[in-house]
Amino acid sequence: MQNTSGVVLVLSGPSGAGKSSLIKEVSADIGDFYFSISTTTRPMREGEIEGVHYHFVSEEEFKKEIENDNFLEYAVVHGNYYGTSLKPVRDALHQGKLVIFDIDVQGNTAVKNRLGDITTSVFITTPSLSELKKRLKSRATDSQEIIDKRMKMAVREVQRISEYDYLIINDKLDEAAKRLKLIVQFAKLKISSENINEFVQKWEVT
Ligand code: 5GP
């Protein structure tokens, strides 16, 4: 992606760690941003809205998008496909916006490989596995089987925290929000290597 002036913030962490609540909590205080709405083949949960939480598609539609090279990255998570559409992200970056992704550890690796110099990554988790279990149960949107799957996945994901720039332990929402706001300020100070080259060229002749 050439000559972009925007930056990327990747948020990962187990389902139930409170990523969505945290984004909501900080959204009024971090300036203009574009939240990337992923495409998924997972069934819609109660209360979710098409085009707001996800674009919900069939597996066939998803595979067509893969063939057409429409994804910045995609992965299979908990047995369902999830992907980040390239075009809206590219547009937002060209407009100089902060682009926020809520993606898993596989997605973080892919984004780092493609947009590493403008990307800041944050892993968000509960203080413990038992707290995660409590939160998943109280959400009451998923069956026991799905909760068990998500817990197993969480144990695997936590092993990869060291791949992230920052860790936020979401114990108290207001404390976690304070940290995230600070991280956003630093994330916005990142500049792409294209912009650095441009600056150096200008600096030498002016
Ligand atoms: P959920 O089904 O709870 O909404 O999300 C399950 C997991 O999929 C979460 O860890 C979330 O971060 C991840 N996820 C959501 N969208 C994407 C995406 O576009 N790409 C990748 N790699 N992971 C995603």
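Everything here concerns the structure above.
Residues numbered from 1 in each chain as written. Predicted model: local features only at pLDDT ≥ 70, side-chain atom pairs only at ≥ 80, totals over all residues. Heavy atoms only, no water.

> I'm lost on the overall build of the protein chain in this one. Help?
Secondary structure summary: the protein chain contains eight helices and nine strands in total. For the protein chain, the spread of C-alpha atoms along the principal axes amounts to about 65 × 40 × 30 Å. For the protein chain, buried positions account for 42% of its 206 residues. As displayed, the protein chain offers around 11600 Å² of accessible surface, 51% of which is attributable to carbon and sulfur atoms. In the protein chain, 28 positive and 30 negative side-chain charges are present, and the distance between their average locations comes to 5 Å. (Helix = DSSP H or I, 4+ residues; strand = E, 2+ residues; numbered from the N terminus. Buried < 20%, exposed > 50% of the residue type's maximum accessible area, 1.4 Å probe, protein only. Areas by Shrake-Rupley, 256 points an atom, 1.4 Å probe, with all protein chains shown as cover. Lys, Arg positive; Asp, Glu negative; His and termini not counted. Charge placed at Lys NZ, Arg CZ, Asp CG, Glu CD.)

> Quick question: what am I supposed to make of the sheet that holds strand β7 (residues 98–102) here?
Each strand in a sheet pairs with its neighbour through backbone hydrogen bonds, running either in the same direction (parallel) or in the opposite one (antiparallel). Read across the open sheet, the five strands follow the order β2-β7-β1-β8-β9; overall the sheet is parallel. Looking at the sheet topology across the chains shown, the edges are occupied by β2 (33–35) and β9 (166–169). Adjacent strand axes in the sheet meet at a mean angle of 25 degrees when their direction is disregarded. Along the sheet face, helix α4 (residues 105–115) touches β1 (7–12), β7 and β8 (119–125) and points at about 165 degrees away from the line of β1. (Pairing = 2+ DSSP bridges. Axes fitted to C-alpha atoms, helices over the stretch in contact; angles between N-to-C directions. Contact = heavy atoms within 4.5 Å.)

> Can you walk me through a nonpolar patch on the surface in this structure?
On the surface, a cluster of nonpolar side chains totalling about 520 Å² of accessible area is made up of Ile-191, Ile-196, Phe-199, Val-200 and Trp-203. Looking at the element boundaries, Ile-191 is found in the loop between α7 (173–187) and α8 (193–205). What makes Ile-191 partly exposed here is its relative accessible area of 49%. (Patch = residues over 30% accessible without salt bridge, like charges linked within 9 Å, V, L, I, M, F, W, Y side chains within 5 Å. Salt bridge = Lys/Arg side-chain N within 4 Å of Asp/Glu carboxyl O.)

> What's the story with the pattern of salt bridges in this structure? I'm lost.
Opposite charge on two side chains lets them pair, provided their charged atoms get close. Throughout the structure, instances matching the rule amount to ten salt bridges. The salt bridge involving Glu-48 is made with Arg-45; its shortest N-O contact spans 3.9 Å. With a relative accessible area of 14%, Glu-48 lands in the buried category. The partner of Lys-63 in a salt bridge is Glu-59, and the shortest N-O contact between them spans 3.2 Å. Remark: Glu-59 and Lys-63 occur in helix α2 (residues 59–67); sequence separation between them is four residues, near one turn of the helix.

> What exactly am I supposed to notice about the packing of aromatic side chains here?
One pair of aromatic rings is described through two measures. These are the centre distance and the angle between the planes. Applying the stated criterion across every chain, the model contains seven aromatic pairs. With centroids separated by 4.6 Å and ring planes inclined at 25 degrees, the aromatic side chains of Phe-62 and Phe-71 adopt a geometry described as stacked. With a relative accessible area of 0%, Phe-62 lands in the buried category. An angle of 50 degrees between the planes, with centres 6.1 Å apart, marks the rings of Phe-71 and Tyr-74 as tilted. According to the relative accessible area criterion, Tyr-74 is partly exposed, its value standing at 42%. The rings of Phe-62, Phe-71, Tyr-74 and Tyr-81 are connected pair by pair, giving a single aromatic cluster. (Phe/Tyr/Trp six-rings, centres within 6.5 Å; stacked < 30°, edge-to-face > 60°.)

Note that every value here comes from positions in space, so none of it alone points to a role or purpose.
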